[in-house]
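Residues per chain, in single letters:
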Amino acid sequence: MTTGNYIVFIVDDDARVREALGELLAAHGIKARVFASAGEYITAEKPDMPACLILDVELPDINGLDLQGQIAEGDHPPIVFLTGHGDIPSSVRAIKHGAVDFLTKPCDVDALLAAIGVAVARDKEGRLQRAELGVLKERYHGLTPREREVLPLVVSGLLNKQAAAELGISEVTLQIHRRNVMHKMAAASLADLVRIAGQLDIPVTHSRMQAGGDL
Amino acid sequence: MTVTTSSPDDISAEAMRALKIIESMPGFAWSADADGQFTYVSPSTLAYLGNGRDDLNTAEEDEFGWRRVVHPEDYERVAARWRHCLKTGDDYDAEHRLRRADGVYRWFRNSGRASFDSDGCITQWYGTTIDIDDQKKAEDGLRESEGRLQEIIDAVPVHIWSWTPTGEMAYVSKRNMEFLGITENEFGDFTKVVQELIHPDDAPEVHRHAADCIARGEVFVMRYRRRTKGGAYCWTEGRCEPVRDQHGNIVHWYGVSINIDDQMRAEEELRNSKRQLEQMIDALPVNVLSFSPDMVLTYTSKRYQKKIGPAISFPRNFEDVIRDVAHPEDFAVVCQRALDGFAAGTPFVNRFRRRERDGNYRWIEARAQPLRNAEGVILQWYIASVDIDEEMRAQEALRESERILRQLVETLPALIYCSAPDGKPIYRSRQLSDYLGFGLDGVDEEGRPRLDSTLDAIIHPDDLAAVQERYGHSLATGKPYAMKHRLRRYDGEYLWVETRAAPMRDADGGIVQWNGVCMDIDGEVRARHELQLAQERLSRASQAAGLAELSASIAHEVNQPLAAIVANSHACHRWLSAEPANIERAKITAERIIRDANAAADVVSRIRALFRQSSDTRTVLPFKDVILETRKLLADEALRRGVLIDIDIQEGLAPVAMDRVQIQQVLINLLRNGMEAMGSVAGEKALLVRGLADGGVVRVEVRDSGPDEELPAKIFEPFFTTKEQGMGMGLAICRSIVESHGGRLWAEKNVPNGATFIFTLPAGVKG
């Protein structure tokens, strides 16, 4: 019996189903929390740990597929749909929007547990990535305004001379800024800095050749 | 002059002459002393009176001596005057009667004057006494005649007045003044009189006309209203004519006012009654004409003129009038009948087409009636005509519709007959006669009742008894008759027919006749077996269609408990497989499995019951109980959703035969639908469940205040409603349930928002 460090959220308006699924997961040693409606789920305070959302398609307040669309913006656990009458268009839509699986009641328990496993793994991965990105963002926020101007020019591959001309400062000053950026962002090399900028979605705004036209 | 009473011998010649003059004058002369004692009385006087002078002076108890000769009625007045004059010396003048010697009294005028001495004392009185009797009598006569005239004036029932030549009121008779309530002082200024006494509407004209007449010297005649004493106005005719002197100059105007109020009112009433009569004639929806005995048109009512055309120029004789207005085809007959009537003096009636103003002809009925005087002589013919066009057209239409109906009856592909209330045939359509091979007159050889013989002859012997029994029953009770039996065709072959007959009743409900129709159902009957097979196929097909429609819904309903069962089974297995086994949890999950499996079975059995269409489980229940119970079932859910469920059940609502569970499912479904529809509504969420009688059915309404949306067309297809725990079946199933109960289920959009789901169930005991 495993006691994984994750939780499964179940949203289903049929009390019997909620109860049975909760019981099933409990028998498998999986933590679960049940909700009778989408609203209940959204407003509830949820623990910050890897999770999976088992979502019924027909809910009293909102269609499960619509809920998926609504919560897509923020960080949310991967969804496993569970429906009384699955139809192909709904399942296609659900999967396209990132659902882990689309199961029809009464579902195969192994399939459900497998889907939960996939979903939790995906969430763990996502959380890890989000955590790394959080560190990078924090470092980026530590840059001065001038350093934030210098960063895109450097990762775009401009020569120091070109970047300095772009900002109207001396090459020496630019080199100081560049060193500070490398240091603050914990980049071991320029290639490392370029990768970090990619993760932070810092766009490559300049080309060495275009800027070289001034030569 | 001194006259003494001494002997005439002493009188001087001059005095003698004077005396002679005095005594020869007509009239009497006298003289008296200051005490009133006569000193001289002319001889003619004494002769007239038949008294001596001393007699006149001889006093009697302080009275004058001449008392004897003065009329007793006059004496006191005369004596008082004489005493006064003696005392004051005023001139004496009195008129009184004196008794002649023969005892006759005559009127005299006695005048005397005193002469005075130098001290102003009376020395002597001299006087004359003149006979004024004739004059006096003439005066009396005049006065009397004037009095009589005045009496006449005051007595005649006219008001008399006069104007001066310049038009001022000079006289108004007493009667006149009394009538007007004025006094003599109040008239004078004619203008003022007119203004005050003549009706304001008439006054200006009266004044103008009077002034005009006075100026021209023409006779004034006018009718006007005068105000009477009481303030009411009274119609008066005033007439005034001038009186002229020999030179033709007007000396006075004399006028009378005659009260003509009654006359005027009578005339007014006459005019009114004539106008009323005319209005009445014009208001009546009849046209009125009158003709003189010699058949000349004398009157046409306004309505007639309006209807027929431009005013008819009088006189016109009857024939011309009729030629003008009657339809050429009708003219000869109309004219002849009328002329016959006129000649015989008897009332007559004509119906004909009459031309109207617009040139169209309309049917009218004209009735002529003579008016006779006491001697029976015809004074006038009156003709009143009424429009009967619609009647005539209706009759024509009736004849036409009768013809069409007859044709219809004769050409209908059915055998039609009518019979008397006792069942005897009175009519058979040609088709029926053709079918039987004989008409109404063909049978009845052996003197038996026609019905019996007819039935005997045409009904299949195997069916005859039943037909006679049923037909007899209908005839006796008046209930419609319907029977399938075999009917003999002209060629002897019996074919199946369905005969239906119903009574035709008069206004009082009495049966006038029976109308019946025989339809050939031979082919039908023969095809019945095939038809039954076809119906069975159809029934199965429709059941299959229903299943297809409902299968998705059923799957949905069953899937929920099944999903729970599967999950619980795994959980249970898991608890049991654990080391050590968790028996408690396993037990709980096993119990849940049993519970959910029963729920699923319940769904299945209910659905099966639905398709069985059986009414075994139906009981007669009051609706209120069912609805209240439903609300209780949904109370928690309603609370969670913030919905208020109001229930309004009509008092004394008839109970309904129903499958309690099924109807409850319908109600749960509808209520839940309503609650869900209001999920997105802000503010008050109220669900109203009403139950009321509507004709022979009980009507239940579930009204929500959901959003203002059109109801989807496919509302009664599966899955319109969302699933919930319990029996949340689709509206399609609700409709099936309601229809299996003999009712209807439909939805209506509310104004301004929300929807109402309504279902009906037949009231009463019937399943």
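Residues numbered from 1 in each chain as written. Chains lettered and ligands numbered in written order. Predicted model: local features only at pLDDT ≥ 70, side-chain atom pairs only at ≥ 80, totals over all residues. Heavy atoms only, no water.

### A few points about the overall build of chain A
Line of reasoning, step 1. The number of helices and strands found in chain A is 10 helices and five strands.
Line of reasoning, step 2. When burial is assessed residue by residue, chain A has 47% of its 215 residues classed as buried.
Line of reasoning, step 3. Within chain A, residue pairs in contact and separated by at least 24 positions form 64% of the contacts whose partners lie at least 6 positions apart.
Line of reasoning, step 4. As presented, chain A carries roughly 10,700 Å² of accessible surface, and 55% of it is formed by carbon and sulfur atoms. (Helix = DSSP H or I, 4+ residues; strand = E, 2+ residues; numbered from the N terminus. Buried < 20%, exposed > 50% of the residue type's maximum accessible area, 1.4 Å probe, protein only. Contact = heavy atoms within 4.5 Å. Areas by Shrake-Rupley, 256 points an atom, 1.4 Å probe, with all protein chains shown as cover.)

### Observations regarding the confidence of the model for chain B
All names here are of chain B.
Line of reasoning, step 1. Taken over all residues, the pLDDT of chain B has a mean of 81, while the share at 70 or more is 87%.
Line of reasoning, step 2. Within the model, pLDDT remains below 50 along residues 537-549, and this stretch shows four contacts once partners closer than five positions in the same chain are excluded.
Line of reasoning, step 3. Segment residues 719-729 is flagged for pLDDT under 50; beyond a separation of four residues in sequence, or across chains, it makes 44 contacts in the model. (pLDDT = per-residue confidence, 0-100.)

### A closer look at the confidence of the model for chain A
All names here are of chain A.
Line of reasoning, step 1. Per-chain confidence: chain A averages 84 in pLDDT, with 93% of residues scoring 70 or above.
Line of reasoning, step 2. Element-level mean pLDDT values for chain A span from 57 in helix α10 (residues 208-211) up to 93 in strand β1 (residues 7-11).
Line of reasoning, step 3. Contacts of residues 211-215 to residues separated by more than four positions or lying in other chains number four contacts, the stretch itself having pLDDT below 50.

### Considering the environment of Trp 125 of chain B
All names here are of chain B.
Line of reasoning, step 1. When you line up the elements, Trp 125 lands in strand β5 (residues 122-131).
Line of reasoning, step 2. Judged by its relative accessible area of 0%, Trp 125 falls in the buried class.
Line of reasoning, step 3. Counting along the chain gives 33 residues from Trp 125 to Tyr 92, while the straight-line C-alpha distance between them is 9.4 Å.

### Topic: the sheet that holds strand β2 (residues 31-35) of chain A
Residues and elements named next belong to chain A.
Line of reasoning, step 1. Pairing in this open sheet of five strands is parallel, and the strands run β2-β1-β3-β4-β5 from one edge to the other. Single-partner strands in this sheet number two, and they are β2 and β5 (101-104). Pairwise comparison of adjacent strand axes, ignoring direction, gives a mean angle of 20 degrees for this sheet.
Line of reasoning, step 2. Pairing geometry for strand β4 (residues 79-83) and β5, over four bridges, is parallel. The residue of β5 that forms the bridge with Val 80 is Asp 101.
Line of reasoning, step 3. Taken strand by strand, helix α3 (residues 64-71) contacts β3 (51-56), β4 and β5, and its axis lies near 165 degrees from that of β4. (Pairing = 2+ DSSP bridges. Axes fitted to C-alpha atoms, helices over the stretch in contact; angles between N-to-C directions.)

### Here we look at the side chain of His 177 of chain A
All names here are of chain A.
Line of reasoning, step 1. Examined against the element boundaries, His 177 turns out to sit in helix α8 (residues 171-184).
Line of reasoning, step 2. Looking at His 177, the relative accessible area reads 16%, which means it is buried.
Line of reasoning, step 3. When residues no more than four places from it in sequence are discounted, the contact partners of His 177 are Arg 146, Glu 147, Val 150 and Ile 169.

### A closer look at helix α13 (residues 389-411) of chain B
Residues and elements named next belong to chain B.
Line of reasoning, step 1. Spanning 23 residues, α13 covers 32 Å between terminal C-alpha atoms, matching the ideal 33 Å at 1.5 Å per step.
Line of reasoning, step 2. Taken together, the buried positions of α13 are Asp 389, Met 392 and Glu 410.
Line of reasoning, step 3. In this structure, the buried side of α13 is in contact with β13 (348-355), β14 (361-372), β15 (378-387), β17 (425-428) and α14 (430-436). (Expected span 1.5 Å × (residues − 1).)

### Comments concerning the interface of chain A and chain B
Line of reasoning, step 1. Every contact between the two is made by 24 residues of chain A and, on the other side, 26 residues of chain B.
Line of reasoning, step 2. Carbon and sulfur atoms make up 57% of the surface buried where chain A meets chain B, a total of about 2,300 Å² over both sides.
Line of reasoning, step 3. Interface area lost by chain A to chain B is led by Arg 16, Glu 23 and Pro 106 of chain A, which between them contribute 27%.
Line of reasoning, step 4. For the pair chain A and chain B, the interface holds four salt bridges.
Line of reasoning, step 5. Ionic pairing is found between Glu 19 of chain A and Arg 592 of chain B, a salt bridge with its closest N-O pair at 3.3 Å.
Line of reasoning, step 6. One can count nine residue pairs in polar contact (both at pLDDT 80 or more) joining chain A with chain B.
Line of reasoning, step 7. Here the side of chain A that touches chain B takes 10 residues from helix α1 (residues 15-27) of chain A, the largest share from any one element.
Line of reasoning, step 8. When the residues that make up the side of chain A that touches chain B are grouped by side-chain class, the tally is 12 nonpolar, three polar and nine charged. (Buried area = accessible area lost by both parts, 1.4 Å probe. Salt bridge = Lys/Arg side-chain N within 4 Å of Asp/Glu carboxyl O. Polar contact = N/O pair within 3.5 Å; in protein donor to acceptor, adjacent residues only side chain to side chain. Nonpolar A, V, L, I, M, F, W, Y, C, P; charged D, E, K, R; others polar.)

### A short note on the pattern of salt bridges
When the charged atoms of two side chains lie near each other, side chains of opposite charge can form a pair.
Line of reasoning, step 1. Applying the stated criterion across every chain, the model contains 56 salt bridges over all chains.
Line of reasoning, step 2. Residue Asp 48 of chain A pairs with Arg 127 of chain A through a salt bridge whose shortest N-O separation is 2.2 Å. Of this pair, Asp 48 of chain A sits in the loop between α2 (38-43) and β3 while Arg 127 of chain A sits in helix α5 (residues 109-141), and the two are 79 residues apart along the sequence.
Line of reasoning, step 3. When its relative accessible area of 25% is taken as the criterion, Arg 127 of chain A is described as partly exposed.
Line of reasoning, step 4. Measuring nitrogen to oxygen at the nearest pair gives 2.9 Å for the salt bridge that ties Arg 595 of chain B to Asp 596 of chain B.
Line of reasoning, step 5. Each of the salt bridges in this network shares a partner with another, and the network as a whole consists of Glu 19 and Glu 23 of chain A together with Arg 585, Arg 592, Arg 595 and Asp 596 of chain B.

### Here's the deal with unusual backbone geometry
With glycine set apart, most residues show a phi of negative sign, and most peptide bonds adopt trans.
Line of reasoning, step 1. A cis amide bond links Glu 579 of chain B with the next residue in sequence, Pro 580 of chain B, at an omega value of 0 degrees.
Line of reasoning, step 2. One can find Pro 580 of chain B in the loop between α18 (528-577) and α19 (583-612).
Line of reasoning, step 3. The linkage connecting Val 751 of chain B with the following residue, Pro 752 of chain B, adopts the cis geometry, with an omega of 5 degrees.
Line of reasoning, step 4. Turning to its location among the elements, Pro 752 of chain B is positioned in the loop between β26 (744-749) and β27 (755-762).
Line of reasoning, step 5. Backbone geometry at Asp 201 of chain A places phi at a positive 60 degrees, although glycine is not the residue there.
Line of reasoning, step 6. As for its position among the elements, Asp 201 of chain A is in the loop between α9 (190-199) and α10.
Line of reasoning, step 7. In this model, Met 295 of chain B sits at a positive phi of 65 degrees, which is unusual for a non-glycine residue.
Line of reasoning, step 8. Within the secondary structure, Met 295 of chain B is located in the loop between β11 (287-291) and β12 (297-300).

### Focus on the packing of helix α20 (residues 623-641) of chain B against helix α21 (residues 660-677) of chain B
Residue and element names in this part refer to chain B.
Line of reasoning, step 1. At a minimum axis distance of 10 Å, the contact between α20 and α21 shows a crossing angle of 35 degrees. The handedness of the crossing between α20 and α21 is right-handed. Only Arg 660, Ile 663, Gln 664, Leu 667, Ile 668, Leu 671, Arg 672, Met 675 and Glu 676 of α21 make contact with α20, whose side of the interface consists of Phe 623, Val 626, Ile 627, Glu 629, Thr 630, Leu 633, Leu 634, Glu 637, Ala 638 and Arg 641.
Line of reasoning, step 2. A per-class count over the contact of α20 with α21 returns 11 nonpolar, two polar and six charged. (Left-handed = near helix turned anticlockwise from the far one by under 90°.)

### Describing the packing of aromatic side chains
Line of reasoning, step 1. Inspection of every chain in the model, using the stated rule, returns 24 aromatic pairs over all chains.
Line of reasoning, step 2. Ring centres of Trp 82 of chain B and Trp 125 of chain B lie 5.2 Å apart, and the angle between their planes is 65 degrees; this geometry places the pair in the edge-to-face category. One end of the pair, Trp 82 of chain B, is in helix α4 (residues 72-88); the other, Trp 125 of chain B, is in strand β5, and 43 residues separate them in sequence.
Line of reasoning, step 3. Look at Trp 82 of chain B and you get buried, because its relative accessible area is 3%.
Line of reasoning, step 4. Site record: aromatic cluster; members linked through ring pairs are Trp 30, Phe 38, Trp 82, Tyr 92 and Trp 125 of chain B.
Line of reasoning, step 5. For the cation-ring pair, Arg 148 of chain A lies above Tyr 140 of chain A, with the distance from its terminal atom to the ring centre recorded as 5.3 Å.
Line of reasoning, step 6. For Lys 136 of chain B, the ring lying beneath its charged end belongs to Trp 107 of chain B, and the centroid distance is 4.8 Å. (Phe/Tyr/Trp six-rings, centres within 6.5 Å; stacked < 30°, edge-to-face > 60°. Lys NZ or Arg CZ within 6 Å of the ring centre and 35° of its normal.)

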